[in-house]
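Descriptive structure summary
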Amino acid sequence: MASSKQLIAMIRSHAAGDDERFLAIADHIASDARKAGHHRMADEIGTLIGSLREEAGERRIASKPTMIAAPRGELASLVRASYPETRLSDVVLTDEIERRLRKIVREHRERGVLAERGLLPRRKVLLSGPPGTGKSLTAAAIAGELGLPLFTVQLDGVITKYMGETAAKLRIVFDAMQGARGVYFFDEVDALATKRGAENDIGEARRMLNSFLQFLDEDSSGSLLLAATNHQELLDRAFFRRFEAIVRYDLPPPDHVRRLLSNRLPQFDLSAVSWPEVSAAADGLSQADIVAAADDAARDAVLEEDGQLTDSTILQAIRDRKQPHR
Ligand SMILES: Nc1ncnc2c1ncn2[C@@H]1O[C@H](COP(=O)(O)OP(=O)(O)O)[C@@H](O)[C@H]1O
Ligand SMILES: [Mg+2]
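None of the values given here were measured: they were computed from a predicted structure. (Residues numbered from 1 in each chain as written. Chains lettered and ligands numbered in written order. Predicted model: local features only at pLDDT ≥ 70, side-chain atom pairs only at ≥ 80, totals over all residues. Heavy atoms only, no water.)

Regarding the overall build of the protein chain
The test is simple: The helix and strand labels rest on DSSP assignments: H or I over at least four residues marks a helix, E over at least two residues marks a strand, and numbering proceeds from the N terminus. Relative accessibility under 20% of the residue-type maximum defines a buried residue, over 50% an exposed one, and the middle range a partly exposed one, all with a 1.4 Å probe and only protein chains included. Areas reported here follow the Shrake-Rupley algorithm with a probe of radius 1.4 Å; residue values treat only the protein chains shown as occluding. Under this rule, positive means Lys or Arg and negative means Asp or Glu; His and the chain ends count for nothing. Positions of charges follow a simple convention, taking NZ of Lys, CZ of Arg, CG of Asp or CD of Glu.
Scanning the protein chain from N- to C-terminus turns up 15 helices and six strands. By principal-axis analysis of the C-alpha atoms, the protein chain measures approximately 65 × 65 × 40 Å. Looking at the protein chain as a whole, 44% of its 326 residues qualify as buried. Here the protein chain has roughly 17200 Å² of accessible surface; of this, 52% comes from carbon and sulfur atoms. Charged side chains of the protein chain number 45 positive and 49 negative; the gap between the two group centres comes to 5 Å.

Put into structure tokens, the structure is as follows:
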């Protein structure tokens, strides 16, 4: 019998318009069925796959090739595909940011309702803020909430010394957005706006950014484009203007320290922890630092404290994370 994992993966691949993956999973289910002695079921699935393959082949010839969720060819070197199970509730966010992100998710879930009134969901969202505040995690959570594949664009692969090449690579990614619905995550998007890769040639960098902005303008796919930057000062107004929502992340307020640590340490009794002291000690650390300190504290508790997690272990882990040049 098909496992629940296989079923979920199948539904996902269907949602992403990924025929190949859909059929590959069906193949697996058929061969599992055969191994388990369910020959009739295996035969039936096999016949269905055969006719679906024929149909898919005809469609591919008739229309332009559809991009599939497991990137192939040059696209494979430009984007990394994943299928996150992350949810927004896994991200510790201010109420304000959480409300705004949930709205965007809802627009995509209910895009049919919007379409009936001639409206589109917002599709271009910029996440901006210091490193380690949860921007990448948010990208995964949005993909997870929508049950869409997450395609992380490897800008290192996209940006080359040659402007023409960079534009051609961006074109491949934007074509994929059209072909396979998903969340396309341009992490460290400021790299497009700076001299990196363009070797001292500001004009070249400018042209690269312009071609990105032009692709953004032209995009009419059903995909969601998320961009993230740790360096918003490197980006200009022309850039920000292209995005339909800009979400600003920041270092955690004191009450988030408790939420981050508690979420990360569910196996420990934290009822005796003095949170004001711990929050004060964590001032200046990012969410990622605090989560890392939680893991440090958990290891210390298990190896050195008989599995009891005390204030002083947590405080020590936080202070250690604050050491420069760790
Ligand atoms: N707001 C947050 N809520 C929960 N965990 C977080 C948060 N921000 C960061 N983390 C933890 O730190 C890790 C790295 O954070 P990340 O999302 O990559 O930060 P950014 O992309 O902003 O640099 C995450 O995978 C997660 O474990
Ligand atoms: Mg990141």
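Things to note about the packing of aromatic side chains
The criterion, for reference: Put simply, two rings from Phe, Tyr or Trp (the six-membered ring, in Trp's case) pair if the centres are within 6.5 Å, and we call them stacked under 30 degrees between planes, edge-to-face over 60, tilted for the rest.
Taken as a whole, this structure holds eight aromatic pairs when the rule is applied. Aromatic side chains F239 and F240 sit 6.2 Å apart centroid to centroid with 90° between the ring planes, which places their arrangement in the edge-to-face category. Of the two residues examined, F239 and F240, each falls in the buried class. Every member of this aromatic cluster is reached through a ring pair, and the members are F174, F186, F212, F215, F239, F240 and F243.

Comments concerning the environment of Y162
Looking at where Y162 falls in the secondary structure, it is placed in the loop between α8 (155-158) and α9 (163-179). For Y162, a relative accessible area of 52% gives the class exposed.

Looking at the domain arrangement of the protein chain
Here is the rule: Throughout the structure description, domain borders are defined by an automatic or database domain assignment. Contact criterion: two residues are considered in contact whenever any of their non-hydrogen atoms come within 4.5 Å of each other. Here the buried area means the combined drop in accessible surface, using a 1.4 Å probe, for two parts upon being joined, counting both sides. Whenever a nitrogen or oxygen atom comes within 3.5 Å of another N or O atom, the pair is scored as a polar contact, on the condition that within protein one atom can donate a hydrogen and the other can accept it, and that pairs from neighbouring residues in sequence are kept only if both atoms are in side chains.
Here the domain parsing of the protein chain yields domain 1 (4-63), domain 2 (73-248) and domain 3 (254-325). The C-alpha centroid of domain 3 is placed 33 Å from the C-alpha centroid of domain 2. The interface is formed by six residues belonging to domain 2 together with seven residues belonging to domain 3. Taken over both partners, the interface formed by domain 2 and domain 3 buries close to 570 Å², and the fraction arising from carbon and sulfur atoms is 54%. Looking only at domain 2, the three residues that lose the most surface to domain 3 are V92, G132 and T133, adding up to 74% of its buried area. Summed over the shared surface of domain 2 and domain 3, the number is two residue pairs in polar contact (both at pLDDT 80 or more).

Considering the side chain of H256
Structurally, the position occupied by H256 is in helix α12 (residues 254-264). Residues in contact with H256, not counting those within four places in the same chain, are V92, L93 and T94.

Some words on the layout of surface pockets
The test is simple: A pocket here means an open set of points on a 1 Å grid, computed over the protein atoms alone, that has protein on both sides within 12 Å along at least five of seven lines. A cavity is instead a set of points where a 1.4 Å probe fits but cannot get out; residues with an atom within 4 Å of a point line either one. Grid points are joined across faces, edges and corners, and a volume is the space filled by probe spheres set on the points. Gly falls in the polar group here, along with every residue not listed as nonpolar (Ala, Val, Leu, Ile, Met, Phe, Trp, Tyr, Cys, Pro) or charged (Asp, Glu, Lys, Arg).
Each pocket or cavity is described by its volume, and for the largest pocket that value is around 380 Å³. G134, L137, Q287, A288 and V291 are, among the 19 residues lining the largest pocket, the residues nearest its centre. Mapped onto the lining of the largest pocket, the elements with two or more residues apiece are α7 (135-146), α12 and α14 (287-304). Of the residues belonging to the lining of the largest pocket, the class tally is seven nonpolar, seven polar and five charged.

Quick notes on the environment of I104
In this structure, I104 sits in helix α5 (residues 95-109). Residues I104 and P121, spaced 17 residues apart in sequence, show a C-alpha to C-alpha distance of 7.3 Å. When sequence neighbours within four positions are dropped, the list of residues in contact with I104 reads R122, V125, L224 and A245.

Some words on the packing of α12 against α14
To keep things clear, this is the line we draw: Angles here are taken between N-to-C directions and fall from 0 to 180 degrees, while the axes themselves are lines fitted to C-alpha atoms, restricted in helices to the stretch in contact. Should an angle fall under 35 degrees it is taken as roughly parallel, and over 145 as roughly antiparallel, whereas 65 to 115 is taken as roughly perpendicular and any remaining angle as oblique. Two helices cross in a left-handed way if the nearer one is turned anticlockwise from the farther one by less than a right angle. They cross in a right-handed way if the turn is clockwise.
In the contact formed by α12 and α14, the axes pass within 9 Å of each other and the chain directions differ by 40°. The angle between α12 and α14 falls in the class oblique. Considering the relative orientation of α12 and α14, their crossing is right-handed. Where α12 approaches α14, its residues V257, L260, L261 and R264 are matched on the opposing element by Q287, I290, V291, A294 and D295. When its residues are assigned to classes, the contact of α12 with α14 shows six nonpolar, one polar and two charged.

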